[in-house]
2 protein chains.
Amino acid sequence: MLIIPLNLGSKIPLYEQIYEYIKREIKTGKLPVATKLPSSRNLAQSLQISRSTVELAYQQLISEGYIESVPKSGYYVQGIADLIRITERKQSHSKEKVEKVERLIYDFSPFAVDLSEFPFSTWRKLSNQCMNDMNQSLFLLGENQGDLSLREAIGAYLHSSRGVKVDASQIIVGAGADYLLVLLSQILGNEQIIAMENPVYKRAYRIFQGVPYPIRPITVNSDGISIEELMETDATIVYVTPSHQYPLGAVMPIKRRLELLRWAAKGNDRYIIEDDHDSEFRYKGKPIPSLQGIDENDRVIYLGTFSRAIAPAIRMGYMVLPQRLYQIYKEKYSFYASTVSRIDQAIVCEFLNGGYFERHVNKMRKRYKMKHDLLLRELKLYEDRISITGENAGLHIVVSFHTSLTEQEIINKARKQQIELYPLSKHYITDYQPDEPAFLLGFANLSEKLIVAGVKLLMKELFKSTIDKVSRLL
Amino acid sequence: MLIIPLNLGSKIPLYEQIYEYIKREIKTGKLPVATKLPSSRNLAQSLQISRSTVELAYQQLISEGYIESVPKSGYYVQGIADLIRITERKQSHSKEKVEKVERLIYDFSPFAVDLSEFPFSTWRKLSNQCMNDMNQSLFLLGENQGDLSLREAIGAYLHSSRGVKVDASQIIVGAGADYLLVLLSQILGNEQIIAMENPVYKRAYRIFQGVPYPIRPITVNSDGISIEELMETDATIVYVTPSHQYPLGAVMPIKRRLELLRWAAKGNDRYIIEDDHDSEFRYKGKPIPSLQGIDENDRVIYLGTFSRAIAPAIRMGYMVLPQRLYQIYKEKYSFYASTVSRIDQAIVCEFLNGGYFERHVNKMRKRYKMKHDLLLRELKLYEDRISITGENAGLHIVVSFHTSLTEQEIINKARKQQIELYPLSKHYITDYQPDEPAFLLGFANLSEKLIVAGVKLLMKELFKSTIDKVSRLL
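Numbers given to residues run from 1 along each chain, matching the order in which its sequence is written. Ligands are numbered from 1 and chains lettered from A, in the order in which they are written. In view of the model being predicted, local features appear only for residues whose pLDDT reaches at least 70, and side-chain atom pairs are presented and counted only at 80 or more, with totals across whole chains, interfaces and linings using the full set of residues. Side-chain numbers come from the whole structure's heavy atoms, not from hydrogens or water.

### Observations regarding the overall build of chain A
In DSSP terms, a helix is any run of H or I states spanning at least four residues, a strand is any run of E spanning at least two, and both are numbered starting from the N terminus. Helix and strand content of chain A: 14 helices and 16 strands. The globule rule puts the C-alpha radius of gyration for 474 residues at 23 Å, and the 31 Å found for chain A is more than 25% above it. Across its three principal axes, chain A shows a C-alpha extent of roughly 105 × 60 × 50 Å. A total of about 20,200 Å² of accessible surface is found on chain A, and carbon and sulfur atoms cover 51% of it. Throughout, the radius of gyration refers to the C-alpha atoms, and the reference size of a globule is 2.2 Å times the residue count to the power 0.38. Where accessible areas are quoted, they stem from the Shrake-Rupley method and a 1.4 Å probe; at the residue level, only the protein chains shown are allowed to cover.

### Digging into the environment of T241(B)
Residues and elements named next belong to chain B. If you trace the backbone, T241 turns up in the loop between β9 (237-240) and α9 (254-266). Each C-alpha atom of the pair T241 and G29 lies 66 Å from the other, and the pair is 212 residues apart in sequence. For T241, the contacting residues outside a window of four places in its chain are E197, Y246, A250, D275 and H277. Under the rule applied, a polar contact is a pair of N or O atoms within 3.5 Å (in protein, one hydrogen donor and one hydrogen acceptor; residues adjacent in sequence only if both atoms are side-chain atoms). Reaching out from T241, the side chain makes a polar contact with the side chain of E197 at a distance of 2.8 Å. Within the structure, T241 has its side chain in polar contact with the backbone nitrogen of Y246 (distance 3.0 Å). Whether two residues are in contact is decided by their heavy atoms: any pair within 4.5 Å suffices.

### Quick word on the relation of the copies chain A and chain B
Alignment of copies: least-squares fit on C-alpha atoms of residues with pLDDT of at least 70 in both copies. With an RMSD of 0.1 Å, chain A superimposes on chain B once it is rotated by 180° and translated 0.0 Å along the axis. Here the copies are linked by what is in effect a two-fold axis. Taken together, the interface assignments show that 100% of the residues at the interface of chain A recur at the interface of chain B, consistent with an identical surface on both copies.

### Observations concerning the pattern of salt bridges
Salt bridge criterion: a side-chain nitrogen from Lys or Arg within 4 Å of a carboxyl oxygen from Asp or Glu. Enumeration over the complete set of coordinates arrives at 32 salt bridges over all chains. Residues participating in the shared-partner salt-bridge network are D114(A), E117(A), K363(A), R367(A) and K371(A).

### Overview of the nonpolar core
Put simply, a nonpolar core is a bunch of buried Ala, Val, Leu, Ile, Met, Phe, Trp, Tyr and Cys residues held in one set by side-chain atoms that sit within 4.5 Å of each other. Any residue under 20% of the maximum accessible area for its type is buried, any over 50% is exposed, and the rest in between are partly exposed; the area is computed with a 1.4 Å probe on protein chains only. Formed by 145 residues in total, the largest nonpolar core has its most connected members in W123(A), F139(A) and W123(B). Setting aside its immediate chain neighbours within four residues, W123(A) contacts F118(A), I310(A), I314(A), I347(A), V348(A), F351(A), M131(B), F139(B) and I343(B). Counting 77 residues, the second-largest nonpolar core is a separate cluster that includes L181(A), Y239(A), Y336(A) and I273(B).

### Here we look at empty space enclosed by the protein
Cavity and pocket criteria rest on a 1 Å grid covering protein atoms alone: a 1.4 Å probe that fits but cannot get out defines a cavity, protein on both sides within 12 Å along at least 5 of 7 lines defines an open pocket, and an atom within 4 Å of a point defines a lining residue. Grid points are joined across faces, edges and corners, and a volume is the space filled by probe spheres set on the points. Applying the stated criterion to the full structure yields nine cavities of 30 Å³ or more. Put simply, the largest cavity is a space of about 80 Å³. Forming the boundary of the largest cavity are 14 residues, of which S341(A), D344(A), V340(B), S341(B) and D344(B) lie nearest the centre. We call Asp, Glu, Lys and Arg charged. Ala, Val, Leu, Ile, Met, Phe, Trp, Tyr, Cys and Pro are nonpolar, and the rest, Gly among them, are polar. Of the residues contributing to the lining of the largest cavity, the split by class is six nonpolar, four polar and four charged.

### Thoughts on the interface of chain A and chain B
Counting residues at the interface gives 106 residues for chain A, matched by 106 residues for chain B. The contact between chain A and chain B buries some 8,800 Å² in all, and 55% of this surface belongs to carbon and sulfur atoms. Between chain A and chain B we count zero salt bridges in total. Where chain A packs against chain B, one counts 15 residue pairs in polar contact (both at pLDDT 80 or more). Ranked by residue count, the leading element in the side of chain A that touches chain B is helix α4 (residues 120-134) of chain A, at seven residues. A per-class count over the side of chain A that touches chain B returns 45 nonpolar, 27 polar and 34 charged. Throughout, buried area stands for the accessible area (probe radius 1.4 Å) lost by two parts on being put together, summed over both.

### So, the sheet that holds strand β3 (residues 74-77) of chain B
All names here are of chain B. Strand pairing follows a simple DSSP-based rule, namely that at least 2 bridges must link the two strands. Strand order in the open sheet formed by three strands is β1-β3-β2, and the pairing between neighbours is antiparallel. Across the chains shown, the open sheet's two edge strands, defined by having one partner strand only, are β1 (36-37) and β2 (67-70). Bridge count for β1 against β3 is two bridges, and the pairing is antiparallel. In the strand pairing of β3, L37 is matched with Y75.

### A closer look at α9(B)
All names here are of chain B. The span expected for a helix works out to 1.5 Å for each residue beyond the first. Here α9 contains 13 residues, and its C-alpha end-to-end distance of 18 Å stays within 8% of the 18 Å for a straight helix at 1.5 Å per residue. All of the buried residues along α9 are I254, R256, R257, L258, L260, L261, W263 and A264. Where α9 is buried, its residues contact β7 (215-221), β8 (224-225), α8 (227-232), β9, β10 (271-275) and β11 (300-305).

### As for the sheet that holds strand β17 (residues 438-442) of chain B
All names here are of chain B. With antiparallel pairing, four strands are arranged side by side in an open sheet as β13-β14-β17-β16. Whereas interior strands pair on both sides, the edge strands pair on one side only; in this sheet they are β13 (386-389) and β16 (422-423). Lines are fitted to the C-alpha atoms to define the axes, a helix being fitted only along its stretch in contact, and any angle between axes, read from their N-to-C directions, falls within 0 to 180 degrees. Relative to the sheet, helix α13 (residues 407-416) contacts β14 (396-401), β16 and β17, its axis offset from that of β17 by approximately 35°.

### Considerations on the pairing of β2(B)
Residue and element names in this part refer to chain B. Of the pairings in the sheet, the one linking β2 to β3 comprises four bridges and is antiparallel in character. Looking across to β3, one finds that S69 is bridged to Y75. Turn length for the β2-β3 hairpin, with the two strands adjacent in sequence and antiparallel, is three residues, and the turn residue K72 shows positive phi of about 60°.

### Some thoughts on the environment of I310(B)
All names here are of chain B. Checked against the element boundaries, I310 lands in the loop between β11 and β12 (317-320). Of the residues examined, I310 reaches a relative accessible area of 3% and is grouped as buried. The sequence separation of I310 and Q417 amounts to 107 residues, and the corresponding C-alpha distance is 32 Å. Among all residues touching I310, those that are not within four sequence positions of it are L115, F118, W123, V348, F351, F357 and H360.

### Describing the state of the cysteines
Residue and element names in this part refer to chain A. Put simply, a disulfide is two cysteine sulfurs that come within 2.5 Å. Taken as a whole, this structure holds zero disulfides over all chains when the rule is applied. This cysteine, C130, is not joined by any disulfide, and C349 carries the nearest cysteine sulfur, 8.2 Å off. For C130, a relative accessible area of 4% translates into the label buried.

### Observations regarding the packing of helix α11 (residues 342-353) of chain A against helix α12 (residues 356-380) of chain A
Residue and element names in this part refer to chain A. Where α11 meets α12, the closest approach of the two axes is 4 Å, and the angle between their N-to-C directions is 75°. On the basis of their axis angle, the class for α11 and α12 is roughly perpendicular. Contacts between α11 and α12 involve E350, F351 and L352 on the former and, on the latter, Y356, F357 and H360. Within the contact of α11 with α12, the residues separate by chemical class into four nonpolar, one polar and one charged. Working definition: roughly parallel below 35 degrees, roughly antiparallel above 145 degrees, roughly perpendicular at 65 to 115 degrees, and oblique for all remaining angles.

### Thoughts on the packing of aromatic side chains
Side-chain rings of Phe, Tyr and Trp, where Trp is taken by its six-membered ring, are said to pair if the distance between their centres is within 6.5 Å; with planes under 30 degrees apart they count as stacked, over 60 as edge-to-face, and otherwise as tilted. Applying the stated rule across the entire model yields 37 aromatic pairs over all chains. Clustering of aromatic rings is evident, with ring pairs tying together F118(A), F120(A), W123(A), Y157(A), F306(A), Y318(A), F351(A), Y356(A) and F357(A).

### Describing unusual backbone geometry
Phi is mostly negative for residues that are not glycine, and the peptide bonds are mostly trans. Going from N198(B) to P199(B), the amide bond is cis rather than trans, its omega being 10°. Its place among the elements puts P199(B) in the loop between β6 (194-198) and α7 (202-210). Look at the link from Y246(B) to P247(B): it is a cis peptide, with omega at 10°. Summarising the element assignment, P247(B) is placed in the loop between β9 and α9. One non-glycine residue, D298(A), adopts positive backbone phi at about 60°. As for its position among the elements, D298(A) is in the loop between β9 (271-275) and β10 (300-305). For D298(A), a relative accessible area of 17% puts it in the buried group. In this structure, Q48(B) is a non-glycine residue whose phi angle is positive, near 55°. Within the secondary structure, Q48(B) sits in the loop between α2 (40-47) and α3 (51-63).

Rendered as structure tokens:
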């Protein structure tokens, strides 16, 4: 007879207490294989509980395979004790180390965005509206490519603002650029060799490195990627940022664009990945039309995201595929469920169609231009000591310092003044290093006051000895 | 001198009209390379517009590389006309064909969910609360693995309800199971050979096929995957659904679980992927504890999603990695940005911590149990003509028909009665077919009335000749 200690006052149901007790007895071998258990009636009587409670416990044990029920005979322990290891698993899981990086006052991060003007109340309003309007259907799985209405809204925007030649059917909406690049690498297959700008957008580099693709680094000059170097490689794909080279800031001129398209047209399966990462933020004239828009051979994969134009937390990007790649996607990968919440899709769709997006981008462009111009003005005061590149677009400016200090020395000196700097060298994928230490100065999330004070502090710290020396000489 | 036709009443800004005109002239070769353009002052005078308007147009043309500015000389056309192809790109993009599949009245889809009890107002409330509480920070990019607070909430849930041994640091939150399986395959690398249940959850199969991994199909019997067959393969990983085999419904008994864990422990780099796809919905006793929870060698990758327990549109799943795989993730893939919107993360976190999730799942379990029992009861009336498997859990029951009709004949007959059936055969990854035509009867989104009527109609359609014959014989 089983004597099971039951705790009637416990929150754990009685059947579960019985189940746990018998399971433990079997696991530890105290109830050996083939032992016959008492009938549910007998056990119920001896424990003074209802028979259905015992039956529930037995059913659970049967479901999990600890005991079996032999019709017209009874319940028997199954042979598992010999399989159990007695050793407890070592608690190897160290608690997550929370790497608390102290945030400095003057953080010139090129990845920051300014959310102070984000239309929170509009977003909330649209969110509520969507949930009210569509209710249930919005909680069902939508189209894998992204909902058609959203793709149409994105298509219209890309056509009018970026000159992208696009039909909604070619657009794939996904959870951010990283995800879309992973998906794209699956569509392109494992056999590709990819040429990349050097310096480059490092996340894209790491994604292609992870496929793994052999990577051919190509020099970037003031007109963008070098076509001569590209033609000397065996690359089948090239990844470029023609509207605003990341991180150096070059705009690829029309001549080089046409040469690049010609390179792609020459091979049977050559493709250009055009990452239009921050095309919304150009501070002079109108946005540079996309490379995709002037391609006549369907060789450009156009990639964009709402991370910068709306907010990074909105995990949403889009990719416009050439027809041949779209066919591969359709055949082999279109079964992947969408990676973007439908509610978010509905909100962004309304945000685009209702004109909120355009207004928001215009407002932010003005705001960023103001900060950009201010940073530039402050930097130009030191024009004899620094070189400035990559102005007029994006959310950072590249500055190189005429100094004998090393990059690390500059970083350390800056930190003493609560200034965080982001070196350009990190963006290179070869051993090549810039001649002088150079940094990306992001301005998006710094106030005007901090921009002015930050530049002044930095320059004083870096050049004070020179300044002192000069004043002594005079 | 350039004569540019300007439309003063147009919505297109004047500078853009000038820019477009000159660009077109250059592209078509009417302004040949090295042509000197009029100075901005002269062009402005001749067009009777402001000089800054002309300068803006010239700046844009310079940015895009159509013209260049030679200091102290003027503006010159760049050589690009020879690169331009005159041919217009063929409009090869066919408009998306909207495949409107007519939804039948009695749709026994195994993928459906019942959203009629979804706590929409709670969701809206939490959504608003999150947006109010956290405001700006919620729109910034969160942790790539998923926000710690959410991972802790998921960890607590998995520990208490599924017996998963878990630390929040091992959890990766991603945009659905498909995405997580793609990520997992990157972490595991290209060199794996994967054993899969046959029949299997087809999406997982297609994802691994796409990596590509060589796939070894393993027979499933009433205790789940065959360990004997598994041991005969060269597989390094195995994908299983032990709590509720998809699609057949077997619960893997403890003996087989231990054998499976022993298989994994024997090889140096063997892993088990435990897909706990619908573990919340078990209608007898308590949920089956996870395989991961009894593993003592850190060989089980545990995978789950909120698609069924909350709603398919919430694109959120989670994966618990063994330490060694977590290290690989950390080193090589942790730079991937999170694929889940932070607002959704915050809502789900509150949904879990506030007890809403538990209440919702309990309510849905009752509701689904009611439908499940009803479907089972109706089917049992025809027990001599059909076999039923996979009851007591999940959102479908597997039914095979004792009939000489082929699978397709049954589907066609059913459609005549507005009944949609989903064949089991589609879930096999080998040529092997079930002896008898078998189908997955999903019940989640059918009302009780439709379940009763649907079964009656189906049986009448399939067996009426027999019924007629029998009655004639009597």
